[in-house]
Amino acid sequence: MANTIKIPGALDPHVHLRGMDWSHKGTFAGETAAALAGGYWAVLDMPNTPPETTSPQTLATKRAGLAAQAVCDWGVYFGGSQADNTAAYTPEVVSRVCGLKLYNNATTGALLIGDQATRARHYAAWPRTSRIAVHAESETVADILELVRAHRVPTHFCHISTAEEIRHLRAAKEAGLPVTVGVTPHHLFLTEADVAVLGALGRMKPELKTLADQDALWDAIASGVVDVVESDHAPHTLAEKASDRPPAGVPGLETTLPLLCTAVHDMRLTVERMIELVALRPQQIFGVRPGPETYTVIEMTPFTIERANLRTGCGWSPFEGMSVMGKVREVWVRGRRVFDGERVLAGPGSGQSLYGGAA
Ligand code: NCD
Ligand code: ZN
Ligand code: ZN
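Please read all numbers here as calculations on a predicted model, not as lab measurements.

1. Section: the pattern of salt bridges
- As enumerated under the stated definition, the model contains 13 salt bridges in all.
- Ionic pairing is found between D143 and R119, a salt bridge with its closest N-O pair at 3.7 Å. With a gap of 24 residues between them, D143 in helix α5 (residues 139-151) and R119 in helix α4 (residues 116-125) connect regions that are remote in the sequence.
- When its relative accessible area of 27% is taken as the criterion, D143 is described as partly exposed.
- Look at R119 and you get buried, because its relative accessible area is 4%.

The following block contains the structure:
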């Protein structure tokens, strides 16, 4: 194949696969198929879909659902709650999850932790051998950095979106704190100006920001302050988005790699840096390795992002109409072709658990 990019084990460490009580938005089978079609070997699923992953029971429910239905490899986060659930942080639970997620600003779902004392209890209880991922916006970034300084639990800052947040995190890295930084394609390729056109389809948390903020994210990719690009794939139905109170969140699993390949084509990003951002760094940070013969082949060919080409259950994208460069042609996992550019070839349940073996 002429002009292709080969990615070894692309891992999206921030997705909301839905299923369970939110199966109308997406299912484990459908959204993991979207992951394969998007070029991903594996995904890490967030805990906010009800029933929230905040107890050993709900963790077992989610893991059983994924074990039965997932077509890509997977891990799940445990969620910290405002009502103290730290008694659940046993070695058994910790070994079965990719990390703990703390929501420190208002978001979709019921997992907001608004006060620093409660956050500190979670930091004190979660082991340093694992990791914490945080939703923290603006001043909250500094609040969380205090906890990282005090407790030294490796902390991944999800979907960082402003120049000011980047400044805080660059300083934290220079000071040697164990922090890593994720940014999303929507903050890299859209700005607040796009909300006028997209309406509710351009609403997510964190909200789209200014062009200056977007420039700061690209600079932070170039300078190494940003560690990973994560989709924050968060499907909601078109009917929900058209309602009076549209929920925040946009799908992204099938558009991240084409958008980044477009940046490579436009020479805003090198191929090597892209592979670090979507595969090598996520693997290191979350402590997993793809098996042998696990890779994605992308052909550098142009196409337009359209509803008709998407597999995600929600059936839309904030990037519709964009001309991009980079079609996922093949995904191989452990020597088996699981996506051929048109069809997902893996059967339900063939995706493996990355943490703690079978459910
Ligand atoms: C996410 C969702 O819908 O689950 N929404 C979003 O806007 N990103 C929640 C989240 O990641 O904060
Ligand atoms: Zn979030
Ligand atoms: Zn999210």
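Text resumes after the structure shown.
2. Observations concerning the coordination of the zinc ion (ligand 3)
- Each protein donor to the zinc ion (ligand 3) is listed here as H14 (NE2), H16 (NE2) and D232 (OD); together their distances run 2.0 to 2.1 Å.
- Between the four donor atoms coordinating the zinc ion (ligand 3), the angles at the centre fall across 87 to 142°, so the site counts as irregular.
- Here the zinc ion (ligand 3) and the zinc ion (ligand 2) are spaced 3.7 Å apart. One end of the pair, H16, is in the loop between β2 (11-15) and α1 (28-37); the other, D232, is in the loop between β9 (228-229) and α10 (238-241), and 216 residues separate them in sequence.

3. Considering helix α12 (residues 271-285)
- Across its 15 residues, α12 extends 20 Å between first and last C-alpha, which sits within 8% of the 21 Å expected from 1.5 Å per residue.
- Of all the bends in α12, the largest measures some 45° and sits at L277.
- Buried residues of α12: R273, M274, I275, L277, V278, A279, P282, Q283 and I285, and no others.
- Check the buried side of α12 and you find it contacts β1 (4-7), β2, β8 (179-183), α9 (211-223), β9 and α11 (256-265).
- One or two positions beyond α12, positive phi appears at G287, with a value near 65°.

4. Observations regarding the sheet that holds β2
- Here we have eight strands laid out as an open sheet, ordered β2-β3-β4-β5-β6-β7-β8-β9, and parallel in their pairing. Two strands close off the open sheet at either side, each with one partner strand: β2 and β9.
- Note: strand β7 (residues 155-157) against β8, three bridges, orientation parallel. Residue pairing in the sheet places F157 in a bridge with V181 of β8.
- Relative to strand β4 (residues 73-79), helix α2 (residues 56-69) is tilted by about 165°, and along the sheet it contacts β3 (42-45) and β4.
- Sitting on the sheet, α5 touches β6 (132-135), β7 and β8, and the angle it makes with β7 is about 170°.

5. Some details on the sheet that holds strand β10 (residues 295-304)
- With respect to topology, four strands assemble into an open sheet ordered β1-β10-β11-β12, the strand pairing being antiparallel. Here the strands that pair on one side only, and so sit at the sheet edges, are β1 and β12 (336-339). Averaged over all pairs of adjacent strands, the angle between their axes in this sheet comes to 35°, without regard to strand direction.
- Across three bridges, the pairing between strand β11 (residues 323-333) and β12 is antiparallel. What sits directly across from V333, in β12, is R336.
- Contacts between α11 and the sheet are confined to β1, β10 and β11, with β11 contributing the most and set at about 120° to the helix.

6. Focus: the packing of aromatic side chains
- A full pass over the atoms with the stated rule returns five aromatic pairs.
- Note on F78 and Y89: the rings are 6.0 Å apart at their centroids and 80° apart in plane angle, and the pair reads as edge-to-face. Here Y89 lies in the loop between β4 and α3 (91-95) and F78 lies in strand β4, a separation of 11 residues in the sequence. Each of the two residues, F78 as well as Y89, counts as buried.
- Connected via pairs of aromatic rings, a cluster forms that spans F78, Y89 and W126.

7. Brief notes about the side chain of D45
- One can find D45 in strand β3.
- The buried category is assigned to D45, whose relative accessible area is 1%.
- Other than its neighbours up to four places away in sequence, D45 contacts V15, H16, L17, K62, G75, V76 and Y77.

8. Considerations on the site of ligand 1
- Within the structure, ligand 1 sits among 15 residues, and R18, N48, T107, K205 and D232 are positioned closest to it.
- A distance of 2.9 Å separates an oxygen atom of ligand 1 from a polar atom in the side chain of H16.
- Residue H135 places a side-chain N or O atom 3.2 Å away from an oxygen atom belonging to ligand 1.
- When the free accessible area of ligand 1 is taken as 320 Å², the share hidden by the protein chains comes to 100%.
- Looking at the shell around ligand 1 residue by residue, the class counts come to four nonpolar, eight polar and three charged.

Reading guide: rules and limits
- Residues numbered from 1 in each chain as written.
- Chains lettered and ligands numbered in written order.
- Predicted model: local features only at pLDDT ≥ 70, side-chain atom pairs only at ≥ 80, totals over all residues.
- Heavy atoms only, no water.
- Salt bridge = Lys/Arg side-chain N within 4 Å of Asp/Glu carboxyl O.
- Helix = DSSP H or I, 4+ residues; strand = E, 2+ residues; numbered from the N terminus.
- Buried < 20%, exposed > 50% of the residue type's maximum accessible area, 1.4 Å probe, protein only.
- Donors = N, O, S within 2.8 Å, 3.2 Å for Na, K, Ca; no water.
- Tetrahedral: all angles 85-135°; square planar, octahedral: opposite > 155°, others 65-115°.
- Expected span 1.5 Å × (residues − 1).
- Bend = angle between axes of the 7 residues up to and from the residue.
- Contact = heavy atoms within 4.5 Å.
- Pairing = 2+ DSSP bridges.
- Axes fitted to C-alpha atoms, helices over the stretch in contact; angles between N-to-C directions.
- Phe/Tyr/Trp six-rings, centres within 6.5 Å; stacked < 30°, edge-to-face > 60°.
- Near = heavy atom within 4 Å.
- Polar contact = N/O pair within 3.5 Å; in protein donor to acceptor, adjacent residues only side chain to side chain.
- Areas by Shrake-Rupley, 256 points an atom, 1.4 Å probe, with all protein chains shown as cover.
- Nonpolar A, V, L, I, M, F, W, Y, C, P; charged D, E, K, R; others polar.

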